[in-house]
Every structure is written in C-alpha cells, then in structure tokens.
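Each chain, written out:
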Amino acid sequence: MVDTDFRRLQNCACFNVRKTSRMITQLFDHALKPSGIKATQFTLLAVLANEREMTQGTMTIKELSNSLGMERTTLTRGLVRLEREGLIKKHQGDDGRQRFVALTPTGLKRLTDAIPFWEEAQATMEKGLGDNFSGFLATLETAVKSQQIRH
C-alpha cells in the first residue's frame, strides 16, 4: 500500500535543494544583470579563468562539465552564446575527438567587470545566513563529494 501523505515529499532533499538553488540563482542573476551575464555563465567563466591561472588556460569540454557538475550536452548549449559573444573560444584536439574551450581576453574582462556585482550577491547570501554561511558551503561540498564517490 502506498502512503498518500504527500506533505512528507516536501522534506525531500532534492526538492529543497532545487528550490533553494532556483532562489539563489535568481538572487545572483538579478545582481549580475548590469554585467550582461547570468549566474550560470559567471560560474563557467570563473572556472575557465581559474584554469587560465593554473595552467595554459584550456580545458576539455569533458573536464569543464565535470568541474561544473553538468551534462556535456547541457554545457555545450550554454557555450554557444558565450562563444558567439567572443567570451570563450572552442577548438578541436589533434585527433578530433576532444574539444577544448578557453576564456578569451574579452571573456576575462567581462568576468572581471562582473565581480563587483557578484560580490553584492555573495554579501547578501553571507548576511542572510550569518554564522551559518561557512557551514552551508561545507554542507554543499560534502553533498557534492558524496555523490562523486558513487558515480
């Protein structure tokens, strides 16, 4: 027999994480609006900028999708606009099977210009969560690591 108390379904981890994620994304999208990029694009550019600092600045689409926790097909669709705007560049590897992506100087400037807007949203999150902020981030990291172990 199936339990029909559907109220308990709102205690679902997935339900609550997705709801919270949408609300946080809306906060960051609103703050980043003057920069002309969305929160999802900001994080993608930030990962590429970090890679640029750490290595020669190029990542495979697979590495980038793993870093962002995204499906490659979803990521590829998101990269189209960024490439069209000249914020990233893509190229194939020597054997044609690997595709690489890198931040362009224009992309780095757009990201740098967006940082003050990101800082505003980040400060709002920190203020809203108060002393719980660092624990919130640690909990998210723990959740990500526990899922990576299973895959």
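Residues numbered from 1 in each chain as written. Predicted model: local features only at pLDDT ≥ 70, side-chain atom pairs only at ≥ 80, totals over all residues. Heavy atoms only, no water.

Just to check I follow, could you spell out the overall build of the chain for this structure?
Regarding its fold elements, the chain presents six helices and three strands. Reading the chain from its N end, one meets helices and strands in the order α-α-β-α-α-β-β-α-α. Here the C-alpha coordinates of the chain stretch approximately 55 × 40 × 25 Å along the principal axes. Residues counted as buried form 25% of the 151 residues belonging to the chain. Taking the intrachain contacts of the chain between residues at least 6 apart in sequence as the baseline, contacts between residues at least 24 apart amount to 50%. (Helix = DSSP H or I, 4+ residues; strand = E, 2+ residues; numbered from the N terminus. Buried < 20%, exposed > 50% of the residue type's maximum accessible area, 1.4 Å probe, protein only. Contact = heavy atoms within 4.5 Å.)

So what exactly am I meant to see when it comes to the pairing of strand S3 (residues 99-103) here?
Regular strands show a simple pattern: their side chains alternate between the two faces of the sheet. Most of S3 sits out of view: four of its five residues are buried. Taken together, the three bridges between strand S1 (residues 58-60) and S3 define a ladder with antiparallel strand orientation. In the strand pairing of S3, Thr58 is matched with Ala102. Direction of pairing for strand S2 (residues 88-92) relative to S3: antiparallel, over a ladder of five bridges. Across the sheet, residue Lys89 finds its bridge partner in S3, namely Ala102. The antiparallel hairpin formed by S2 and S3 contains six residues in its connecting segment, where Gly96 sits at a positive phi of about 85°. (Pairing = 2+ DSSP bridges.)

Hey, could you run me through the packing of aromatic side chains in this one?
Aromatic ring pairs are described here by two measures, namely the spacing of the ring centres and the angle between the planes. In total, this model carries one aromatic pair according to the counting rule given. Measuring from centroid to centroid gives 6.0 Å for Phe42 and Trp118, while their planes differ by 10°, and the two rings are stacked. One end of the pair, Phe42, is in helix H2 (residues 39-54); the other, Trp118, is in helix H5 (residues 105-129), and 76 residues separate them in sequence. A residue is classified by how much of its surface remains accessible, and Phe42, at 8% relative accessible area, is buried. (Phe/Tyr/Trp six-rings, centres within 6.5 Å; stacked < 30°, edge-to-face > 60°.)

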